[in-house]
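# Structural characterization, general
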Amino acid sequence: MTEKRPLIQVNASFPGTEVAAETAAAMASASLVFKSTDSDYSSLLLEHAEQLFTFANKHRGSYSESIPDVQTYYNSTGYGDELLWAASWLYHATGDRSYFDFVTGKNGEDFAKWGTPTWFSWDNKLAGTQVLLSRVSFFGAKDISNSENLKKYRKSAEAVMCGLLPNSETATSSRTKNGLIWVTEWNCLQHSVASAFLAVLYSDYMLTSRTATLSCNGDSFGSSDLRKFAISQADYVLGKNPMKMSYLVGYGDTYPEYVHHRGASIPADATTGCKDGWKWLDSTEPNPNVAFGALVGGPFLNETYIDSRNNSMQGEPTTYNSAVIVALLSGLVTTSSVAQSFT
C-alpha cells in the first residue's frame, strides 16, 4: 500500500481505557510466557503493562467516545471489564496484592456484574475475568481464596459453565439446532469458540485441583462434560456441521473460497493503492491467495453460509477469532494439567 496511514492515539485528554487496559492485559500475560526463556523481555513487558494499567485507570474514558469514527464498527459498551481483566492478569504476573484488592474491592462491585453470565468477546472480558480469577479460588493461598468477592467471581464462572452445558437446567438457548453456540448474526463464531476455550480452561482447573463435580441447579457435571462441550464446538467449526464445511480457511477439503480479506482477494503481484481494490472485491473468481488459518464469521442461525466476498457478516476473518481458535485447539491437544502458580 502506498497510501498514508495516519496514527490515532489515546492520551490523557482523549482517554481510551479499553485500549490501554486490554494492552496491559496482553503484555502482562505475555510476560508470563517469556518469563523462563527471556527474562529481560518478560520484565520489559511487565513494566509497560503496569504503566498502561496506571494510565488506563487514572484517565478513565471510553476510546469510542474519544475516537467517534470507530463507533460504526467497534463501539465499546464500557471499560470496566477491561480494567478488571488487566488487573487480574497483573495479579497473576506479579503477585502484587494491590491488583487483587482492585478486582475484589469497589471496582469489582462497580463493574463485575457478579451472578450475571455474559459472553466472552472482544468487547466484554467479564467471563474471561471470572474464569481467570477462578484459578485463584482453586489454587490460591487460603487467605486469598476465602475472599467473599473472589467466591462471587467463581460462582459467576460456574454460572457461565452451566449455561454452556447442553444438558444443564440452565443451559442457554442461544445455540443452533445442531448445538453451535450462536449469539449474534454478525461473526457468530467469536462466541462459540471463545466459550469453548473457557470451558476447556475450567475443565483443566477442575482436573488439576481434583474437583470432581460442578453443580448446576442440583445436577452434577464433571470436567469431562465441559471438555465434551468444547470438542463439539471445535468439531462443528472444523466441518461437522450441516454445510459439511470447515470455517477455518485452509483446513479440510471444503472451506470458504471468497473470504472478505484484502490480502487474500488481491493477487500478490498486483500494484494497488488504498482505493483500488473494488474490482477484486466484486470479482466472481475465488480468492487467489488462501488465508490459511483464518476463522471466518460462521453460519446464520439456520446453519447456512453464503460464500461471497461481499458477505462480510459471515466471511470476514478477525484477529480476535484467530486468537480464540488457536487457544481452543491448543487447549484440546495439550495436557489437562495446569500450573497452579505463575509467580
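Residues numbered from 1 in each chain as written. Predicted model: local features only at pLDDT ≥ 70, side-chain atom pairs only at ≥ 80, totals over all residues. Heavy atoms only, no water.

## What about the pattern of salt bridges?
Evaluated as defined, the whole model comprises eight salt bridges. Residues E82 and K125 are paired through a salt bridge, measuring 2.9 Å at the closest nitrogen-oxygen approach. Here K125 lies in the loop between α7 (106-111) and α8 (126-139) and E82 lies in helix α5 (residues 80-94), a separation of 43 residues in the sequence. In this structure E82 comes out as buried when scored by relative accessible area, which is 3%. Across the salt bridge formed by R97 and D101, the nearest N and O atoms sit 3.2 Å from each other. Of this pair, R97 and D101 both sit in helix α6 (residues 97-104), four residues apart, which is roughly one turn of that helix. Taking the relative accessible area as the measure of exposure, D101 reaches 38% and is therefore partly exposed. (Salt bridge = Lys/Arg side-chain N within 4 Å of Asp/Glu carboxyl O. Helix = DSSP H or I, 4+ residues; strand = E, 2+ residues; numbered from the N terminus. Buried < 20%, exposed > 50% of the residue type's maximum accessible area, 1.4 Å probe, protein only.)

## Concerning the packing of aromatic side chains
With the rule as written, the count across this model stands at 17 aromatic pairs. Relative to Y320, the ring of W122 lies with its centre 6.5 Å away and its plane at 40 degrees, an arrangement referred to as tilted. Highlighted residues: W122 in the loop between α7 and α8 and Y320 in helix α16 (residues 319-333), separated in sequence by 198 residues. A relative accessible area of 25% places W122 in the partly exposed class. Ring geometry for F138 versus Y202: centroids 5.5 Å apart, planes at 70 degrees, classification edge-to-face. Pair noted here: F138 is in helix α8 and Y202 is in helix α11 (residues 189-209), with a separation of 64 residues, a long-range link. An identical accessibility class is assigned to F138 and Y202; each is buried. One aromatic cluster in this structure is built from F138, F139, Y202 and Y205. The lysine or arginine in question, R154, covers the ring of F138, its NZ or CZ lying 3.8 Å from the ring centre. (Phe/Tyr/Trp six-rings, centres within 6.5 Å; stacked < 30°, edge-to-face > 60°. Lys NZ or Arg CZ within 6 Å of the ring centre and 35° of its normal.)

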